[in-house]
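Summary of structural features
If you want the building blocks of each chain, they are given just below.
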Amino acid sequence: MAIIAMTREMATLGRDVAAGLAERLGLTVVHHELVAHDIAERSGMRESEVQRFLEGEASLLERWRIDRARMSRYTAEEILELAVKGNVLIRGWGATYLLRSVPHVLCVRICAPMADRERVLMHRLGITDRGTARREIERNDAAHNGTMQRLFGIDWTDPALYALVLNTARIPIADCVDHIAKAAESTAFQVTAEARMKLTDQLILSKVHSALDRRFGSSTLAMGIDAEVAAGKVVLKGALSDQRMITEAVRLMHAIPGVVGVESRISHMAFTREAD
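Scope of this entry: the structure provided in the associated data block. (Residues numbered from 1 in each chain as written. Predicted model: local features only at pLDDT ≥ 70, side-chain atom pairs only at ≥ 80, totals over all residues. Heavy atoms only, no water.)

What about the pattern of salt bridges?
Under the definition given, this model contains 20 salt bridges. Two residues, Glu9 and Arg109, come together in a salt bridge whose shortest N-O distance is 2.4 Å. Highlighted residues: Glu9 in the loop between β1 (3-8) and α1 (14-25) and Arg109 in strand β4 (residues 105-111), separated in sequence by 100 residues. Assessed through its relative accessible area of 13%, Arg109 is described here as buried. Taken together, the shared-partner salt bridges in this structure form one network comprising Glu9, Arg109, Arg117 and Asp141. (Salt bridge = Lys/Arg side-chain N within 4 Å of Asp/Glu carboxyl O. Helix = DSSP H or I, 4+ residues; strand = E, 2+ residues; numbered from the N terminus. Buried < 20%, exposed > 50% of the residue type's maximum accessible area, 1.4 Å probe, protein only.)

This is how it looks when you write it as C-alpha cells:
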C-alpha cells in the first residue's frame, strides 16, 4: 500500500518521474484538478476559485474573501482521504507537509538547477528567450510557495520535509524512479497497524475540525473547543458557557465515520451577573 507525496518544481521533469513510479508500483497519480474539485465540494466554494487560490493566481479580492483556516482544513482533509486509500502518488498541495509524520508515507522532492529548468521549459513551450522562461519559472515558484505559506506557514523547499531530494540534472529519470521505488518498497516505508492507525486518526481529527467548523463556524477553536484523537477515540477539550453547544459537539463527533468513542472534557462555565 505505497503512499508517495511528491513536490515537483516547474520544468524539473517531475511529471515524468511520477508517471514512471505509477507504472512501476501501480499507483494512482492524483492530479490537481481532482483535488480542487473535491475541496470545492467540501467548502461550498466555486471550483475555479479554489483552483486559482491553490495555484497562487487568486486576485487580491479573492484572497481577502477566502477563509484561509477553512481552506487549510479542507485541503488537509482531502489529502488525508486520498492517503488512507493507499496506492497513491499525491503531487503537491502540501501533501509532503501534512503527511510527513506518518511513518509509511514517502515524501519526495524533485528539483533541478535554474539553467536546466529554463532549458526544459524552452523546449516544452517552443520558445528561444531564456529570460522569458526564467520569469515564468520564478513566477510559478513564488505563487506556489506563497500558497503553502498562506495555508500551512511552510517553505516547500525546506529539505527537512522530505525523505528524498532528487536533482534530475544529475540523476536520470529512470534512476530517480528506481531510487524512489526501492525506498517505497523498503522496510522503513512498509505499512504497519500502528502507522495505519496514526494516519486514520489524523483523518478523523481533520473531519472533527471540519464538522465543528460547519456547525459552529470557523472560530470554533477560538471559542473554546479543541480535540485529540487516539485509536479512533475523540476527546473534546476546552471550556464553554453554553451546555447545549457541548451536547451538540459530542453528538457531531458520534456521526463522523471511523469514530469509535467520544469523551467530553469540556468544562461548563456558569457565568453570574454581578450586581450593579
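As for the sheet that holds strand β2 (residues 28-30)
Strand order in the open sheet formed by 5 strands is β2-β3-β1-β4-β5, and the pairing between neighbours is parallel. Each edge of the sheet is formed by a strand with only one pairing partner; in this case those strands are β2 and β5 (164-167). Going across the sheet, the axis of each strand differs from the next one's by a mean of 20°, ignoring polarity. Running at roughly 155° to strand β3 (residues 88-91), helix α5 (residues 68-85) makes contact with β1, β2 and β3 of the sheet. (Pairing = 2+ DSSP bridges. Axes fitted to C-alpha atoms, helices over the stretch in contact; angles between N-to-C directions. Contact = heavy atoms within 4.5 Å.)

Describing the packing of aromatic side chains
Taken as a whole and judged by the stated rule, the model has 1 aromatic pair. Here Tyr97 and Phe152 contribute two aromatic rings whose centre-to-centre distance is 5.7 Å and whose plane-to-plane angle is 40°, an arrangement assigned as tilted. Taken together, the residues span a long stretch of sequence, with Tyr97 in helix α6 (residues 95-98) and Phe152 in helix α8 (residues 130-152) at a distance of 55 residues. (Phe/Tyr/Trp six-rings, centres within 6.5 Å; stacked < 30°, edge-to-face > 60°.)

A few points about the environment of Ser72
If you trace the backbone, Ser72 turns up in helix α5. Between the C-alpha atom of Ser72 and that of Leu151, which follows or precedes it by 79 residues, the distance is 5.1 Å. With sequence-adjacent residues up to four places away left out, Ser72 is seen in contact with Leu151 and Phe152.

Topic: unusual backbone geometry
The phi torsion at Ala11 lies on the positive side, around 65°, for a residue other than glycine. One can find Ala11 in the loop between β1 and α1. Not every positive phi belongs to a glycine, and Leu13 is a case in point at roughly 70°. Inspection of the secondary structure assignment puts Leu13 in the loop between β1 and α1. Looking at Leu13, the relative accessible area reads 27%, which means it is partly exposed.

That's the geometry; what it means functionally is another story.
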